[in-house]
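# A structural walkthrough
So the chains spell out like this:
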Amino acid sequence: AKSEGRNTIRYFEPEMRMRAEARRVLEKELGHALEQGEFQLYYQPVLDLGSDHVTTLEALVRWEHPRLGMVSPDNFIPLAEETGQIIELGTWVLEQACRDASKLGKAYRVAVNVSPIQLRSRSFVSTVCRVLEETSLSADRLELEITETALIEDGQLAFTILRQLRDNGVRIALDDFGTGYSSINYLRQFPFDKIKIDRSLVTGAHLNSESAAFVRMIAALGNALDVSTTAEGVETIRELDLVRQAGCSHVQGYFLSRPVPLANLTPALNL
Ligand code: C2E
Ligand code: CA
Ligand code: CA
Ligand code: CA
């Protein structure tokens, strides 16, 4: 076991050094990127299985780096959270998404991911209200996606902020449910509008009876609590059939569409 451990370390060392270097470069450039307008929003449609209509578009940020090309948010969001730049970036995402949504038909709402750090920042609620007002977007057409990490530490503060947002008419979704510190208790503490079942449980669920059981359980819980459930990561018709039978109310995933620029969705959705 010891030699195995050593091999593992030797194997990963060069890769880690490279990642550390890439990290330093990105960290320095992240600040300029906002000013240079290098960020853009892609959108992934969410299908309502009841009506068979797309009801929501999830905004997913992209960094089009002049040299590195398209950088995935998994690479720069954690960095932006460490440096605090997530506040500025998150506000830009919110503004852009609400601007886009206000141009869409009333049948569509937009979902925006909110970092735990952003949620807890002093001015978050007033920022959301200001952006809704400036874009003339009705609050119920904005859905904020919160992960459980935002609720672990000082959950009281987080729930207070969420309650203020919800009192203003904004919808709140619990993202990545079924992973990490997943706790059913959060669902008792706050009236979420939506549960998003993490793709690690959904993708391949037709080949894994345990995953399938979890998906069915979460969908049943959602139905019992009158909370809608979106199955993320539906890549094949097999998974679509499974989550439909499980009782999920919505689906999202490559089977329907990858995240794309809004203009690419316009013809398909009749926007
Ligand atoms: P997320 O919120 O869970 O978003 C879903 C991710 O799964 C997206 O990755 C999406 O492209 C990917 N995905 C969707 N359907 C499928 C599928 O069928 N198969 C597979 N393999 N993947 C699928 P993306 O766009 O790379 O974003 C990664 C994460 O970065 C997001 O996970 C979210 O946590 C974070 N993120 C993205 N945009 C923002 C943002 O504006 N603000 C914040 N705070 N975080 C963001
Ligand atoms: Ca999300
Ligand atoms: Ca998710
Ligand atoms: Ca995720």
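Residues numbered from 1 in each chain as written. Chains lettered and ligands numbered in written order. Predicted model: local features only at pLDDT ≥ 70, side-chain atom pairs only at ≥ 80, totals over all residues. Heavy atoms only, no water.

## Quick notes on the coordination of the calcium ion (ligand 2)
- The protein atoms that coordinate the calcium ion (ligand 2) are Glu 58 (OE), Asn 113 (OD1), Glu 145 (OE) and Asp 175 (OD), at distances spanning 2.1 to 2.4 Å.
- The sequence pattern formed by the donor residues of the calcium ion (ligand 2) is E-x54-N-x31-E-x29-D.
- Between the calcium ion (ligand 2) and the calcium ion (ligand 3), a spacing of 3.8 Å is present, and a bridge between the two is formed by Asp 175. Linking Glu 58 in strand β2 (residues 53-65) with Glu 145 in strand β5 (residues 142-147), this pair joins segments that are 87 residues apart in sequence. Side by side, Glu 58 and Glu 145 carry an identical accessibility label, which is buried. (Donors = N, O, S within 2.8 Å, 3.2 Å for Na, K, Ca; no water. Helix = DSSP H or I, 4+ residues; strand = E, 2+ residues; numbered from the N terminus. Buried < 20%, exposed > 50% of the residue type's maximum accessible area, 1.4 Å probe, protein only.)

## Some details on the coordination of the calcium ion (ligand 4)
- Only Asp 176 (OD) and Asp 176 (OD) from the protein reach the calcium ion (ligand 4) as donors, at distances of 2.9 to 3.0 Å.
- Between the calcium ion (ligand 4) and the calcium ion (ligand 2) there is a metal-metal distance of 6.0 Å.

## A word on helix α5 (residues 124-135)
- With 12 residues, α5 extends 17 Å from end C-alpha to end C-alpha; this agrees with the ideal 16 Å at 1.5 Å per step.
- Within α5, burial applies to Phe 124, Val 125, Thr 127, Val 128, Val 131, Leu 132 and Thr 135. Down the axis of α5, the smallest arc covering the buried residues is 165°, so these residues share one side. Across from the buried face of α5, at angles greater than 90 degrees, the exposed residues are Glu 133 and Glu 134.
- Of the surrounding secondary structure, the elements contacted by the buried residues of α5 are α3 (86-103), β4 (109-114), α4 (116-120), β5 and α7 (155-167). (Expected span 1.5 Å × (residues − 1). Arc of directions from axis to C-beta. Contact = heavy atoms within 4.5 Å.)

## Remarks on the environment of Leu 41
- Structurally, Leu 41 can be placed in strand β1 (residues 39-48).
- Looking at Leu 41, the relative accessible area reads 8%, which means it is buried.
- A sequence separation of 20 residues divides Leu 41 from Val 61, and the C-alpha atoms of the two residues are 4.6 Å apart.
- Setting aside residues up to four positions removed in sequence, Leu 41 forms contacts with Ala 59, Leu 60, Val 61, Trp 92, Val 93, Gln 96, Ala 97 and Pro 261.

## Examining unusual backbone geometry
- Not every positive phi belongs to a glycine, and Asp 52 is a case in point at roughly 65°.
- Relative to the helices and strands, Asp 52 resides in the loop between β1 and β2.
- Take Asp 52: its relative accessible area is 51%, and that puts it in the exposed class.
- In this structure, Asp 154 is a non-glycine residue whose phi angle is positive, near 45°.
- The residue Asp 154 is located in the loop between α6 (149-152) and α7 in this model.
- With a relative accessible area of 48%, Asp 154 lands in the partly exposed category.

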